Amino acid sequence: MVVAALAGLVAGALSMAAGEYVSVSSQSDTEAADLAREQMELATQPEHELAELASIYVSRGLSPALATQVAVELTAHDALGAHARDELGIHDLTRARPVQAALASAAAFAVGAGLPVLFVFVASAEILTPVVFGSTIVALGGLGMLAAHLGGAPLWRGAARVTFWGAIAMVSTALIGKLAAAMGRSPRLLPCPPVLLQLGAGRRGINSNLPGVWHQRFAGYRIRVVVRNDVVSRIGEIHGGRW
């Protein structure tokens, strides 16, 4: 359980970091392409770009004369910066930074996953599942309330949203895990050949109608066999081949 918990924490953090890096890198590439195109237009069409910048300020409420004056002065100071900020919506404080985004995403995942992983170390196996589930629900509610508080939103709405979708994700994951485990445990049942019943009973010294488990070579294959009510279940083959 400890190994699985730590592996899940590391894998989740790395997955979040990789996804965030790829996503923000795409945004960064788009911003760089927009700035390059704007730089070329400023070099080849300065009058058009000045008029475009002035029209932006007019749309924001300035008079045409004042808008033209502001556009001229900002163009003289930093033409590309003015167009990046007011035309493209690209600001220095909000520029895409892939590495920073990846590290922040990985750290946030690791911190969030730290509480359930901690309980894996301290809780006994008998109560581990409900303890991890309950502690995660409480942590989700607390983080939802904290995010709502920082954003000035209603606390309980934020907590309910995060808790609900977190619970849905956990229940879905648990159901898929149980389904996969059940499919992995389900043996393939076949009619038991009488020769196997007799050989198995002879090796174990039991009645062939009683359950038995043994390794037996059959048709050139060594097979681990389980007999339940005259039915043989192939559990696993040691030397390959098909039953």
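Before reading further, recall that the structure is shown in the block above.
Our subject in this report is the structure included herewith.

Thresholds applied
Residues numbered from 1 in each chain as written. Predicted model: local features only at pLDDT ≥ 70, side-chain atom pairs only at ≥ 80, totals over all residues. Heavy atoms only, no water. Helix = DSSP H or I, 4+ residues; strand = E, 2+ residues; numbered from the N terminus. Buried < 20%, exposed > 50% of the residue type's maximum accessible area, 1.4 Å probe, protein only. Areas by Shrake-Rupley, 256 points an atom, 1.4 Å probe, with all protein chains shown as cover. Salt bridge = Lys/Arg side-chain N within 4 Å of Asp/Glu carboxyl O. Contact = heavy atoms within 4.5 Å. Expected span 1.5 Å × (residues − 1). Bend = angle between axes of the 7 residues up to and from the residue. Axes fitted to C-alpha atoms, helices over the stretch in contact; angles between N-to-C directions. Parallel < 35°, antiparallel > 145°, perpendicular 65-115°, else oblique. Left-handed = near helix turned anticlockwise from the far one by under 90°. Nonpolar A, V, L, I, M, F, W, Y, C, P; charged D, E, K, R; others polar. Arc of directions from axis to C-beta. Patch = residues over 30% accessible without salt bridge, like charges linked within 9 Å, V, L, I, M, F, W, Y side chains within 5 Å.

### Topic: the overall build of the chain
- For the chain, the helix and strand inventory stands at 7 helices and 4 strands.
- Going residue by residue from the N terminus, the α and β elements of the chain occur as α-α-α-α-α-α-β-α-β-β-β.
- Of all 243 residues assigned to the chain, the portion counted as buried reaches 27%.
- Accessible surface computed for the chain: about 15700 Å², of which carbon and sulfur atoms make up 66%.

### With respect to the pattern of salt bridges
- If you walk through the whole model with that rule in mind, you get 4 salt bridges.
- Linking arginine 95 and glutamate 31 is a salt bridge whose minimum nitrogen-to-oxygen distance equals 3.2 Å. Of the two residues, arginine 95 is situated in the loop between α3 (64–86) and α4 (98–122) and glutamate 31 in helix α1 (residues 2–44); the sequence distance between them amounts to 64 residues.
- Overall, the relative accessible area of 30% leaves arginine 95 in the partly exposed class.

### Considerations on the side chain of serine 135
- Mapped onto the secondary structure, serine 135 falls in helix α5 (residues 128–151).
- Non-local contacts of serine 135, meaning those with residues more than four positions away in its chain, are made with Leu115, Pro116 and Phe119.

### What to know about α3
- Its 23 residues place the ends of α3 only 16 Å apart at the C-alpha level, less than the 33 Å of an ideal helix rising 1.5 Å per residue.
- Of all the bends in α3, the largest measures some 120° and sits at aspartate 78.
- Residues of α3 that are buried: Ala67, Ala71, Ala79, Gly81, Ala82, His83, Ala84 and Asp86.
- Elements in contact with the buried residues of α3: α1 and α2 (46–59).

### Focus: the environment of glycine 144
- Looking at the element boundaries, glycine 144 is found in helix α5.
- Considering only alpha carbons, one finds glycine 144 and tryptophan 156, 12 residues apart in sequence, at a separation of 8.2 Å.
- Here glycine 144 is in contact with Gly158, Ala159 and Val162, once residues within four sequence places are set aside.

### Details of the packing of α4 against α5
- For the pair α4 and α5, interaxial distance at closest approach is 9 Å and the crossing angle is 155°. Taken as axis vectors, α4 and α5 run roughly antiparallel relative to one another. Between α4 and α5 the crossing geometry is right-handed. Residues Leu115, Pro116, Phe119 and Val120 of α4 pack against Leu128, Val131, Val132, Ser135, Thr136 and Ala139 of α5.
- By residue class, the composition of the contact of α4 with α5 is 8 nonpolar, 2 polar and no charged.

### Thoughts on α2
- With 14 residues, α2 should reach 20 Å at 1.5 Å per residue; the first-to-last C-alpha distance of 20 Å fits that figure.
- When α2 is considered as a whole, its buried residues turn out to be Glu49, Leu53, Ala54, Ile56 and Tyr57. Taken down its axis, α2 places every buried residue within 150° of arc, on the same side. Those residues of α2 that are exposed and aimed more than 90 degrees away from the buried face are Glu47 and Ser59.
- Packing partners of the buried residues in α2 comprise α1 and α3.
- Directly after α2, the chain includes glycine 61, whose backbone phi takes a positive value near 115°.

### Here's the deal with a nonpolar patch on the surface
- A surface patch of nonpolar side chains, about 510 Å² in accessible area, is lined by Val2, Leu6, Leu115, Leu118, Phe121 and Val122.
- Among the secondary structure elements, leucine 115 is positioned in helix α4.

### Quick word on the packing of α1 against α3
- Following both chains from N to C, one finds α1 and α3 inclined at 130°, their axes separated by 10 Å at the closest point. Here α3 runs oblique to α1, going by the angle between their axes. Between α1 and α3 the crossing geometry is right-handed. Residue-level contacts link Leu35, Glu38, Gln39 and Leu42 of α1 to Ala79, Leu80, His83 and Ala84 of α3.
- When its residues are assigned to classes, the contact of α1 with α3 shows 5 nonpolar, 2 polar and 1 charged.

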